Amino acid sequence: MTAQNVGIGIIGGGLMGREIAAAIQRWPALVDHPVRPRLTAVCDINPAALSWFDQIDTVSQTTTDYAELLSNPDVDVVYVAVRHDLHEQIYTDVIRAGKDLLAEKPFGIDTKASDLILSALAEHPESFVRCSSEMPFFPGAQRAIDYVRSGAAGPIIEVRSAFLHSSDLDESKPINWKRQAKYCGEAGVMNDLGMHAWHVPLRLGWEPESLTAVLQNLVPQRPGPTGELEECDTWENATVWGWVDGPDGRFPLTVETKRIAPGNKNTWVFEVIGKTGGVRFATSNPKRVEVLSVADVPGVGREQGWTAIEAGSQSVWPTVTGGIFETGFSDAILQMWAVYLAERSGELGDRFGAATPQEAARTHRLYDAALAAGESGRWTSVIR
Ligand SMILES: NC(=O)c1ccc[n+]([C@@H]2O[C@H](COP(=O)([O-])OP(=O)(O)OC[C@H]3O[C@@H](n4cnc5c(N)ncnc54)[C@H](O)[C@@H]3O)[C@@H](O)[C@H]2O)c1
């Protein structure tokens, strides 16, 4: 198969910009992929951030002005990884420039911004847009999703989906943009981690019509650049409960997004319990998937129990990595890019795809309801 060359531009060469640049360098790990991406251009307003990209010899343009990147004919797809308050302007400019977009979450700082991005997309339906959410591309997450889709769990009793950090446990950690509502958004941790935790429930059709939530701001002040304490006005932890109408009846869905969950480092959790089975996976143990089943135990009798299986390395798009080998965050990022570019070229088939703009926009409606519920302490309808 002759792979189609696709030029990639990155706007925002920070933590995630570098991660994506490194993932593209690992492209030969993918087997028979229809696309061959080339990182061509990088933009960051901070010239110091650009120098890291000098080591990638396919990069022929570095700039501090993203308009220059958008007028580069060698850029087909733009990945944007900037602060949330900048999403709307940059995403709509990318779409209107006739480029395709892999946007970072939360896809605009709030509902209004995400609706404006959707409007730009409606004006330019030829622009192929998806939103970043890589954790469901861990092989174990894919096994858990496949298990759920098999129906083996039976009528669902309850579901938990969570994304848990503890990076803000250190109260002396200086304030950054993720702790300030004007940059991160009123939804705080939900803007930051929510897409990760909602992607799979939304993809499985599990969107609550109403929900309630508890929101916590656990460290309301942090040292600013001068060492003086500054206000952190975002929610640090959010736990949302909703009722979902499934095909076999109603069940409660719990979605947790926490910046302060001691003991967890970027831990993505997905757990489904049904009347005939169940499945659970957490990235804290990235190869282990546990399946609940009923079996005859010799000398004991018929018992329910969790069986641990190892997921190995293979996720959605096959790789040269040995099937028994271990997996990690950078593999999940590579898989997300593999499915994004395969879907863009019409070659994804029925494989699990990257989060859609509509799914990303739905998360903002869910956060709005959670913010209202957190304030009022009541059950709140999610606006459709
Ligand atoms: N998918 C994930 O797992 C994941 C993880 C972390 C962050 N993110 C998301 O990625 C985005 C960026 O987060 P980050 O942690 O990489 O941030 P960061 O602060 O590390 O990097 C942002 C970069 O954008 C640059 N920038 C700011 N304004 C710009 C402009 N106008 N033009 C070009 N560059 C500009 C900054 O100089 C900085 O280098 C956010 O939306 C965040 O939520 C996603």
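Residues numbered from 1 in each chain as written. Predicted model: local features only at pLDDT ≥ 70, side-chain atom pairs only at ≥ 80, totals over all residues.

An unreviewed UniProt entry annotates the protein as Gfo/Idh/MocA family oxidoreductase of Microbacterium candidum.

A. Examining helix α4 (residues 87–96) more closely. Within α4, seven of the ten residues are buried, leaving the element largely enclosed by the surrounding structure. On its buried face, α4 is in contact with β1 (4–11), α3 (66–70), β4 (77–80), β5 (100–103), α5 (111–123) and β6 (129–131). Within two residues after α4, glycine 98 carries a phi angle of roughly 80 degrees, on the positive side. (Buried ≥ 20, exposed ≤ 12 C-beta atoms within 10 Å, placed from the backbone. Helix = DSSP H or I, 4+ residues; strand = E, 2+ residues; numbered from the N terminus. Contact = placed C-beta atoms within 7 Å.)

B. Structural context of the site of the ligand. As a matter of local geometry, the ligand sits amid 21 residues, with Gly12, Gly14, Leu15, Met16 and Glu104 nearest to it. Residue composition of the shell around the ligand, by class: ten nonpolar, six polar and five charged. (Near = placed C-beta within 6 Å. Nonpolar A, V, L, I, M, F, W, Y, C, P; charged D, E, K, R; others polar.)

C. Focus on the UniProt feature "domain: Gfo/Idh/MocA-like oxidoreductase N-terminal" (unreviewed entry) in the protein. In this structure's numbering, the residues bearing the UniProt feature "domain: Gfo/Idh/MocA-like oxidoreductase N-terminal" (unreviewed entry) are residues 7–123. Between the end C-alpha atoms of residues 7–123 there is a gap of 23 Å, over a span that is 37% helix and 21% strand. (UniProt positions renumbered as here; feature names shortened; annotations may be inferred.)

D. Summary view of the UniProt feature "domain: GFO/IDH/MocA-like oxidoreductase" (unreviewed entry) in the protein. UniProt records the feature "domain: GFO/IDH/MocA-like oxidoreductase" (unreviewed entry) at residues 142–279, using the numbering of this structure. Along residues 142–279 one finds 20% helix and 38% strand; the C-alpha atoms at either end are 11 Å apart.

E. Examining the sheet that holds strand β17 (residues 380–381) more closely. Judged by pairing direction, the sheet is mixed, and its nine strands sit side by side in the order β16-β15-β14-β13-β7-β12-β11-β8-β17 without closing on themselves. The two strands at the open ends of the sheet, each matched to only one other strand, are β16 (301–310) and β17. As paired strands, strand β15 (residues 288–297) and β16 are joined by ten bridges and run antiparallel to one another. Residue arginine 288 lies in a different strand from β16, and its bridge partner there is glutamate 310. The sheet strands contacting helix α6 (residues 139–150) are β13 (267–274), β14 (278–282) and β15, and the helix crosses β14 at an angle near 165 degrees. Across the sheet, helix α8 (residues 189–203) lies against β7 (156–164), β11 (237–246), β12 (249–258) and β13, angled at about 145 degrees from β12, the strand it touches most. (Pairing = 2+ DSSP bridges. Axes fitted to C-alpha atoms, helices over the stretch in contact; angles between N-to-C directions.)

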